[in-house]
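Architecture at a glance
Chain by chain, the residues run as shown.
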Amino acid sequence: MSEELHSASSAEHLEQQTVKRVIWRILPFLIVCYLIAIIDRGNIGMASLQMNEDLGLSKAVFGLASSLFFIGYFIFEVPSNLAMQKIGAKIWISRIMISWGIVSVCTAFVQSAETLYVLRFLLGTAEAGFFPGVILYLTYWIPGKYRARVIATFMVAIPAANFIGSPISGAILSMDGWLDMRGWHWLFILEGFPAIFLGIAAFFLLSNRPENARWLTDAQKKWLSDTMTAENAQRKAIGHISLWQLLRHKHIWAMALIYAGASAAGSTLSVWSPQLLHSFGLNNFMTGLVNSIPYGLASILMIVWGRSSDRTGERRWHTALTLFLIAGGLLSAFMTNSLPGSVVILSLVLIGAYSMKGPFWALASGWLSSSTAAAGLAAIGAMANLIGGGIMVNVYGVINDATGSHTLAMLPLALLCLAGGIAVLIMGRKSTLRVEVENHASVAGK
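Thresholds applied
Residues numbered from 1 in each chain as written. Predicted model: local features only at pLDDT ≥ 70, side-chain atom pairs only at ≥ 80, totals over all residues. Heavy atoms only, no water. Phe/Tyr/Trp six-rings, centres within 6.5 Å; stacked < 30°, edge-to-face > 60°. Helix = DSSP H or I, 4+ residues; strand = E, 2+ residues; numbered from the N terminus. Buried < 20%, exposed > 50% of the residue type's maximum accessible area, 1.4 Å probe, protein only. Lys NZ or Arg CZ within 6 Å of the ring centre and 35° of its normal. Patch = residues over 30% accessible without salt bridge, like charges linked within 9 Å, V, L, I, M, F, W, Y side chains within 5 Å. Areas by Shrake-Rupley, 256 points an atom, 1.4 Å probe, with all protein chains shown as cover. Salt bridge = Lys/Arg side-chain N within 4 Å of Asp/Glu carboxyl O. Contact = heavy atoms within 4.5 Å. Axes fitted to C-alpha atoms, helices over the stretch in contact; angles between N-to-C directions. Parallel < 35°, antiparallel > 145°, perpendicular 65-115°, else oblique. Left-handed = near helix turned anticlockwise from the far one by under 90°. Nonpolar A, V, L, I, M, F, W, Y, C, P; charged D, E, K, R; others polar. Polar contact = N/O pair within 3.5 Å; in protein donor to acceptor, adjacent residues only side chain to side chain. Expected span 1.5 Å × (residues − 1).

Quick word on the packing of aromatic side chains
For any pair of aromatic rings, the description rests on two quantities: the centre-to-centre distance and the angle between the ring planes. Per the counting criterion, the structure on display carries 17 aromatic pairs. Between the aromatic rings of Tyr259 and Phe360, the centroid separation amounts to 5.2 Å while the plane-to-plane angle is 10 degrees, which identifies the pairing as stacked. Of this pair, Tyr259 sits in helix H12 (residues 250-278) while Phe360 is found in helix H16 (residues 357-367), placing the two residues 101 residues apart along the sequence. Judged by its relative accessible area of 5%, Tyr259 is buried. Among the aromatic residues, ring-to-ring pairing joins Tyr34, Trp100, Phe130, Phe131 and Phe154 into one connected group. Above the ring of Phe203, the side-chain terminus of Lys90 is found at 5.0 Å from the ring centroid.

Some remarks on a nonpolar patch on the surface
Residues Leu331, Phe334, Met335, Leu408, Leu411, Leu415 and Leu418 make up a contiguous nonpolar surface patch of roughly 640 Å² in combined accessible area. Counting residues per element, the nonpolar patch draws most heavily on helix H18 (residues 406-428), at 4 residues. Of note, Met335 is situated in the loop between helix H14 (316-331) and helix H15 (339-355).

Points about the environment of Tyr137
Mapped onto the fold, Tyr137 is located in helix H6 (residues 130-141). Separated by 71 residues in sequence, Tyr137 and Asn208 have C-alpha atoms that sit 8.1 Å apart. Those residues in contact with Tyr137, other than ones at most four positions away along the chain, are Ile26, Leu30, Met84, Ala89, Leu206, Ser207 and Asn208.

Examining the pattern of salt bridges
Overall, the coordinates contain 5 salt bridges when judged by the stated rule. Across the salt bridge formed by Asp176 and Arg182, the nearest N and O atoms sit 2.6 Å from each other. Residue Asp176 is classed as partly exposed on the basis of its relative accessible area, which comes to 36%. Several salt bridges converge on common partners, so that one network encompasses Asp54, Asp176 and Arg182.

Thoughts on the packing of helix H4 (residues 89-106) against H6
If you want to describe how two helices pack, look at the angle between their axes and the distance between the axes. Where H4 contacts H6, the two axes come as close as 11 Å, and the packing angle between them is 160 degrees. As far as their axial angle goes, H6 and H4 are roughly antiparallel. For the crossing formed where H4 meets H6, the hand is left-handed. Taking contact as the criterion, the partners of Ala89, Ile93, Ile96, Met97 and Trp100 in H4 are, on H6, Phe130, Val134 and Tyr137. A class-by-class count of the residues in the contact of H4 with H6 yields 8 nonpolar, no polar and no charged.

Some details on the side chain of Ser292
Structurally, Ser292 is set in helix H13 (residues 284-312). A residue is classified by how much of its surface remains accessible, and Ser292, at 5% relative accessible area, is buried. In terms of polar contacts, Ser292 uses its side chain to reach the backbone carbonyl oxygen of Leu289, at 2.5 Å.

Some words on helix H2 (residues 44-55)
Here H2 spans only 13 Å end to end across 12 residues, well under the 16 Å set by a 1.5 Å rise per residue. Burial in H2 covers these residues: Ile44, Gly45, Met46, Ala47, Ser48, Leu49, Gln50, Met51, Asn52 and Leu55. Following H2 by one or two positions, Gly56 has its phi on the positive side, about 70 degrees.

The following block contains the structure:
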């Protein structure tokens with residue numbers, strides 16, 4: 001009995017030490033990389049406080065330009081993730097970061113709406129695959145029972161980027177006139193170069209798989225490889241099907257709809273909330289400072305919610321409740337038109353949008369088989385970004401331009417989140433996903 005207890009204790013110690021070492025080796029670096037990604041895709045919101053007037057952009061034109069990022073992202077996200085699976089994370093993540101950094105810097109030199117359209121599309125093309133690539137990368141390294149909290153911790157970079165980036169962007173806008181350049185020019189330049197430097201660093205810091213990690217002991221490599229192999233063998237909810245079948249599968253689209261609500265809320269507010277807050281008479285720096293408050297709250301609570309999901313092992317309600325919180329926050333905009341009220345509404349929406357991500361991706365990765373995960377995770381993210389970013393960011397701009405009301409522009413977001421919350425509750429109750437997919441694949445093969 002004592003030998004068995006000692007063996008169990010040793011196995012538990014090995015597990016804890018291995019997971020701890022993996023997390024501390026890869027997670028902080030990936031968080032910083034993602035933080036820069038979110039700053040570079042969202043800083044157009046703060047830049048708009050000067051850029052729109054300089055380039056003569058209407059709100060509808062600005063909304064279209066902002067949404068083109070997500071169109072490029074959608075087109076190239078799945079191919080990018082499949083390429084990473086073949087080429088390896090260290091090379092592909094490096095390529096992604098260096099290319100998006102270059103495009104971001106080039107955005108400082110746009111002189112027309114048409115040039116801005118092109119560069120926003122190219123930025124989405126360049127960054128495509130980074131987020132689903134990291135989620136896929138984590139499935140190589142992080143056992144399932146730790147994954148929701150790790151994903152939630154990784155994704156804290158999204159609100160943290162706006163919490164940190166908004167005041168910094170506001171301060172950079174104050175460099176207006178330095179070396180005869182506008183503040184928004186400096187904004188894109190100074191926030192674009194870090195991606196290039198981090199992309200170079202990624203090549204040297206990342207290892208493709210546990211068996212390639214020189215920083216793990218042989219025992220740790222074996223435990224991690226065996227654990228991940230065993231978990232991959234059990235992930236059969238949606239089996240191996242072709243990419244075309246995957247994109248036509250109703251459950252992939254259902255998962256994309258579920259994620260689209262949170263994606264739309266986060267993407268839309270990152271682009272439009274600076275203009276909303278600026279409309280209350282705040283200067284550029286104060287706009288950035290106030291804009292950071294909801295993101296600071298979301299940064300903390302999304303980690304708390306991810307840990308709650310892991311502790312209880314519950315994913316479905318942890319995902320649905322956050323979507324209902326977003327919808328409730330957006331609908332409450334009809335009840336207030338003050339600066340404090342707007343900050344509360346933005347806080348509720350962003351807490352829901354970011355707290356949803358950890359439980360959802362843990363849920364989605366558990367529904368996909370290991371052979372389908374690379375394309376499946378990317379397909380879900382790509383379609384959700386197309387709906388949430390490519391369409392809803394643009395819709396917000398069109399409605400706001402036509403009505404002059406930020407409140408009415410939020411209504412489609414609320415309806416999308418309500419639909420997503422209902423969908424995850426319905427889909428989570430089904431126990432026939434594997435049979436349906438197998439039948440679909442067998443019919444397609446005949």
